[in-house]
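Chain by chain, the residues run as shown.
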Amino acid sequence: MQLDDTDRRLLRHVLAEPELTAAELAGRAGVTPATAWRRLEKLRDRGVLGRTEAMIDWRALGWEVEVSLRFTLDKTNPRAFDEFLAAAREVPEVIEIQTFLGRVDVRLNVIARDMGHYQEIYRDRILALPHIADIEALMLVATVKDGAGLPL
Amino acid sequence: MTALDDTDRAILRLLVAEADLGAGEVGRRVGLTQSAAWRRIRRLTEAGVIRGRRPRVDLSALGFGVTVFLGVKLAAKGRVGLEDFERAVSAIPEVQVVQHVLGLYDYRLRVVARDIADFERILRRRVMTLPGVGQVEANVLLSEERLPGPLG
């Protein structure tokens, strides 16, 4: 779909400040509310703009630990990816799964209530996942920036 | 820390998938009146359990064909303030996420680019020139899924 400057301006504001009402958004983008509504509807129809997701702050719910686990898989087994991913989806504390091209094959974002709980999940659930060749852990200290903004 | 009951968890499961649902629809699906659902959504938002709402976008339709995660190690620990690095890296428009981590790397960055050539430009001109930046590892994102986490 071809985007013009108005589409880009609207998208930039929607992504930077998703909490804006339609009227505020129109104001920021310098268009009438009717134009903003029509353009956004079109972007939704074309699938450029999808559903809005609520983001959960797990720390507010007492899940204090967040660890990024980076896996290298044993790729001599052609089913390694599928079987690993299927098993990872069954672990409730896994909140995000990403696959990569690079030194890392798969990354799981894992949350836990505290370090003791994390140890438990790591030993009982993570190390039990199939076809692991190597694991590295990055423990989240702080999120400095977390945006969906795009240089449109 | 906020304690959740089963109804709160059911509401969160709905909103994680579709944050635009109105209170009436949320109430209908979890067996509450519209006003009771509205009160619960407001409480979850005010308690910070719902930390925000974010629209999904089709990045490739917007011309961003490549997402890369960078692991960055700072070279001169202690000499360059972390704040200087964090401020400079957060100002790069293509860098959507900056996380301070413990482990093999000091920072984890999510970077969007139009294509690999554009990524190379961002890496060389923007990232490698950041104050204090040392070793950098890049992994190109192939797929990504978010899971509801321990809300079941």
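Criteria and thresholds
Residues numbered from 1 in each chain as written. Chains lettered and ligands numbered in written order. Predicted model: local features only at pLDDT ≥ 70, side-chain atom pairs only at ≥ 80, totals over all residues. Domains from an automatic or database assignment. Helix = DSSP H or I, 4+ residues; strand = E, 2+ residues; numbered from the N terminus. Buried ≥ 20, exposed ≤ 12 C-beta atoms within 10 Å, placed from the backbone. Core = buried A, V, L, I, M, F, W, Y, C linked by C-beta atoms within 7 Å. Contact = placed C-beta atoms within 7 Å. Nonpolar A, V, L, I, M, F, W, Y, C, P; charged D, E, K, R; others polar. Axes fitted to C-alpha atoms, helices over the stretch in contact; angles between N-to-C directions. Parallel < 35°, antiparallel > 145°, perpendicular 65-115°, else oblique. Pairing = 2+ DSSP bridges.

A. Up close: the domain arrangement of chain B. Domain boundaries in chain B define domain 1 (6-46) and domain 2 (66-140). For domain 1 of chain B and domain 2 of chain B, the distance between their C-alpha centroids amounts to 38 Å.

B. Spatial organisation of the environment of Leu-123 of chain B. Residues and elements named next belong to chain B. Locating Leu-123 in the fold gives a position in helix 5 (residues 116-127). Given 18 C-beta atoms within 10 Å, Leu-123 falls into the partly exposed group. Separated by 13 residues in sequence, Leu-123 and Arg-110 have C-alpha atoms that sit 12 Å apart.

C. Broad picture of the nonpolar core. Counting 56 residues, the largest nonpolar core has Val-110 of chain A together with Leu-70, Leu-109 and Val-111 of chain B as the members making the most contacts within it. Grouped together as the second largest cluster of nonpolar side chains are 12 residues, Val-14, Ala-26, Ala-36 and Leu-49 of chain A included.

D. Representation of the domain arrangement of chain A within the structure. Taken as a whole, chain A is organised into domain 1 (5-45) and domain 2 (58-139). Computed over C-alpha atoms, the centres of domain 1 of chain A and domain 2 of chain A are 38 Å apart.

E. Spotlight on the environment of Met-115 of chain A. Residue and element names in this part refer to chain A. One can find Met-115 in helix 5 (residues 115-126). For Met-115, a count of 12 C-beta atoms within 10 Å puts it in the exposed group. Residues Met-115 and Arg-9 lie 106 residues apart in sequence; the distance between their C-alpha atoms is 44 Å.

F. Molecular detail of the interface of chain B and chain A. Opposite the 56 residues of chain B that make contact, chain A presents 53 residues. Going through the elements one at a time, helix 1 (6-17), strand 1 (50-57), helix 4 (82-90), strand 3 (95-102), strand 4 (107-113) and strand 5 (133-146) of chain B are the ones with two or more residues in the side of chain B that touches chain A. Here the side of chain B that touches chain A gets 10 residues from one element, more than from any other, and that element is strand 5 of chain B. Taken together, the residues of the side of chain B that touches chain A break down into 30 nonpolar, 12 polar and 14 charged.

G. Local environment of the environment of Val-30 of chain B. Residues and elements named next belong to chain B. Of note, Val-30 is situated in helix 2 (residues 23-30). You can call Val-30 partly exposed: it has 18 C-beta atoms within 10 Å. Considered as a pair, Val-30 and Asp-8 are 22 residues apart in the sequence and their alpha carbons are 9.2 Å apart.

H. Looking closely at the packing of helix 1 (residues 5-16) of chain A against helix 3 (residues 33-45) of chain A. Residues and elements named next belong to chain A. Where helix 1 contacts helix 3, the axes come no closer than 10 Å and their chain directions differ by 85°. Judged on the interaxial angle alone, helix 3 and helix 1 are roughly perpendicular. Across from Thr-6, Asp-7 and Leu-10 in helix 1, the residues of helix 3 making contact are Ala-36, Arg-39, Leu-40 and Leu-43. Residues that form the contact of helix 1 with helix 3 fall into these classes: 4 nonpolar, 1 polar and 2 charged.

I. Representation of the pairing of strand 4 of chain B in the model. Residue and element names in this part refer to chain B. With 7 of 7 residues buried, strand 4 is to be regarded as a mostly interior element. Along strand 4, one buried face is formed by Tyr-107, Leu-109, Val-111 and Ala-113 and the opposite face, lined by Arg-108, Arg-110 and Val-112, is buried too. Two elements, strand 2 (residues 66-74) and strand 4, share 7 bridges in a ladder whose sense is antiparallel. Bridging across to strand 4, Thr-67 finds its partner in Val-112. Pairing geometry for strand 3 and strand 4, over 5 bridges, is antiparallel. By the bridge assignment, His-100 is partnered in strand 4 with Tyr-107. Joining the antiparallel neighbours strand 3 and strand 4 is a turn of 4 residues, in which Gly-103 adopts a positive phi near 145°.

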